[in-house]
Amino acid sequence: MAATLIDRAPVQTGWVFEPMYLNYSGDFGAEIDTPIAGLIAAGIDVRINSVVGGALYTFDTPVLGAKYTAGAYLSWADVKVSGSIESAVGSISRSQSESGLGDTTLIPLMLAWVDGNWQYNAFLPIHAPTGDYETGRLANPGLNYWSADPTFGIAYSNMESGFNATLFTGLTLNEQNPDTDYRSGRLFHLDGSLQQMVKAGDGFVTMGVNAFWGNQISDDKIQGGILGPFRQKTAGIGPVIGYMLPKGKDNIVVEFRWLPQLDSTNTTEGDYFWLKFVYQMGTGKNK
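Keep in mind that what you see is a predicted model, and the values were worked out from it rather than measured.

Peer 1: Is there a simple way to think about the overall build of the protein in this case?
Peer 2: Within the protein, the secondary structure is distributed over 0 helices and 17 strands. Against the globule reference of 19 Å for 287 residues, the protein gives a C-alpha radius of gyration of 20 Å, in line with a compact fold. Oriented by its inertia axes, the alpha-carbon framework of the protein measures out at about 65 × 35 × 30 Å. Here the protein holds 287 residues, and 44% of them are scored as buried. In the protein, 64% of the contacts between residues at least 6 apart in sequence involve partners at least 24 apart. Total accessible area on the protein stands at roughly 13,700 Å², and carbon and sulfur atoms take up 61% of it.

Pasting the structure below:
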């Protein structure tokens, strides 16, 4: 769910600092049995507040003819989950809240090729299970398994007209949760946006729409095969607005996006709210 101006790979040598805030609220249908932390639950309701801090560095020396960037994102999450738990004595209602360290995203590889108004991107985010996790607990800030999300993208920017378009595609590859022996299937996703830049003061207001679509293309696996394939599908579309302020060699960008899920199967359906801030400390070297 990352495909706007603020999410493209940097093309200017130097540091990028990116703090952000995420709020998510969503729920499952009461008739759907859901595997969660070694439990089987129904009627799940999820509330998440997360603060993420990231730092990236773009090197001057090109790699494969592209600007090369590496970095990492650390997270803290407050999670509240409620639902009905299946047990030997029947269905039991439960609600739990937990706050703590979330999972860490490592980005050893981020490449950007620029050709006129076009930019081509390649990313390799790796999600490390550093978050707090406990089997049998509904609310967990961490997922307790490794995953990788190789992603490729294409972006178009016309500075004269202010029009921007971005499209990313990726495949999320999940490892097995060692505590539950559960492994989620591979998830193919598309993320895109259309944005218009309008001059405002010393900077630019950016307005547009962003959308995403995800489709699980392989079955979940668990010892005993309790739930069968349990493939998930989700999609959504919503507005995005931001402000970009050039400061000499540096750049400041603030962006707010709302992503309501409109069509979901075997996953929660709700609303994502993102608030992102980017401070780019550049050296002025773009090539």
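Having put the structure on the table, let's press on.
Peer 1: Can you walk me through the nonpolar core in this structure?
Peer 2: Generally speaking, a soluble globular protein has its nonpolar side chains buried in company with each other. Membership of the largest hydrophobic core comes to 24 residues, with the highest contact counts inside it found for L56, Y73, M110 and Y272. Broken down by secondary-structure element, the contributors of at least two residues to this core are β1 (14-27), β3 (39-58), β6 (104-115), β16 (250-265) and β17 (269-282). Element by element, the count of residues in this core is highest for β1, at 4 residues. Filtering out sequence-adjacent residues up to four positions away, M110 remains in contact with A9, P10, L56, K67, Y68, T69, A122 and F123. Core analysis: the next-biggest nonpolar cluster, separate from the first, contains 11 residues, L39, A41, I44 and A77 among them.

Peer 1: I keep staring at the environment of A55 and nothing clicks. Help me out?
Peer 2: Looking at where A55 falls in the secondary structure, it is placed in strand β3. A relative accessible area of 25% means that A55 is categorised as partly exposed. Here the alpha-carbon distance between A55 and W15, two residues 40 residues apart in the chain, equals 7.2 Å. Residues in contact with A55, not counting those within four places in the same chain, are W15, V16, F17, A70, G71 and A72.

Peer 1: Got a minute to help me understand the pattern of salt bridges in this structure?
Peer 2: Pairs can form between side chains of opposite charge once their charged atoms are near each other. Applying the stated criterion across every chain, the model contains 9 salt bridges. Its salt-bridge partner being D132, residue R137 comes within 3.3 Å of it at the nearest N-O pair. According to the relative accessible area criterion, D132 is partly exposed, its value standing at 30%. A single network of salt bridges, built from pairs that share partners, joins D7, E255, R257 and K276.

Peer 1: Could you clarify how one ought to interpret the packing of aromatic side chains in this entry?
Peer 2: Aromatic rings in a pair are described by how distant their centres are and how their planes are angled relative to each other. Overall, the coordinates contain 12 aromatic pairs when judged by the stated rule. Ring centres of Y24 and Y272 lie 4.3 Å apart, and the angle between their planes is 40°; this geometry places the pair in the tilted category. Taken together, the residues span a long stretch of sequence, with Y24 in strand β1 and Y272 in strand β17 at a distance of 248 residues. Linked through ring pairs, W15, F17, Y57, F59 and Y68 together constitute an aromatic cluster.

Peer 1: Quick question: what am I supposed to make of unusual backbone geometry here?
Peer 2: The phi torsion of most residues other than glycine is negative, and most of the peptide bonds are trans. The phi torsion at N144 lies on the positive side, around 70°, for a residue other than glycine. Mapping N144 onto the fold places it in the loop between β7 (118-128) and β8 (147-148). Unusually for a residue other than glycine, N266 sits at a positive phi of about 60°.

Peer 1: Mind showing me how you'd approach the pairing of β16 here?
Peer 2: Each regular strand displays side chains that alternate between the two surfaces of the sheet. The pairing of strand β15 (residues 233-247) with β16 spans 12 bridges and is antiparallel. By the bridge assignment for β16, K233 is matched with T265. Connecting β15 to the next strand, β16, in antiparallel fashion are 2 residues, including G248 with a positive phi near 70°. Two elements, β16 and β17, share 10 bridges in a ladder whose sense is antiparallel. Its bridge partner lying in β17, N251 is registered against Q280. Between β16 and β17, which pair antiparallel in sequence order, lie 3 residues; one of them, N266, sits at a positive phi of approximately 60°.

Peer 1: When you look at the side chain of N210 in this model, what are you seeing that I'm missing?
Peer 2: Relative to the helices and strands, N210 is located in strand β13 (residues 203-216). When its relative accessible area of 3% is taken as the criterion, N210 is described as buried. Of note is the side chain of N210, whose polar atom sits 2.6 Å from the backbone oxygen of G238. Residue contacts for N210: discarding those within four places in its chain leaves T4, G192, S193, G236, I237, G238, P239, V240, R257, W258 and L259.

Peer 1: Is there a simple way to think about the pairing of β6 in this case?
Peer 2: One ladder, built from 10 bridges, connects β6 with β7; its direction is antiparallel. Paired with V114 across the bridge in β7 is Q119. Here β6 folds back onto β7, and the loop between the two strands holds 2 residues, one of which, G116, carries a positive phi near 65°.

Criteria and thresholds
- Residues numbered from 1 in each chain as written.
- Predicted model: local features only at pLDDT ≥ 70, side-chain atom pairs only at ≥ 80, totals over all residues.
- Heavy atoms only, no water.
- Helix = DSSP H or I, 4+ residues; strand = E, 2+ residues; numbered from the N terminus.
- Rg over C-alpha atoms; globule rule 2.2 N^0.38 Å.
- Buried < 20%, exposed > 50% of the residue type's maximum accessible area, 1.4 Å probe, protein only.
- Contact = heavy atoms within 4.5 Å.
- Areas by Shrake-Rupley, 256 points an atom, 1.4 Å probe, with all protein chains shown as cover.
- Core = buried A, V, L, I, M, F, W, Y, C linked by side-chain atoms within 4.5 Å.
- Salt bridge = Lys/Arg side-chain N within 4 Å of Asp/Glu carboxyl O.
- Phe/Tyr/Trp six-rings, centres within 6.5 Å; stacked < 30°, edge-to-face > 60°.
- Pairing = 2+ DSSP bridges.
- Polar contact = N/O pair within 3.5 Å; in protein donor to acceptor, adjacent residues only side chain to side chain.

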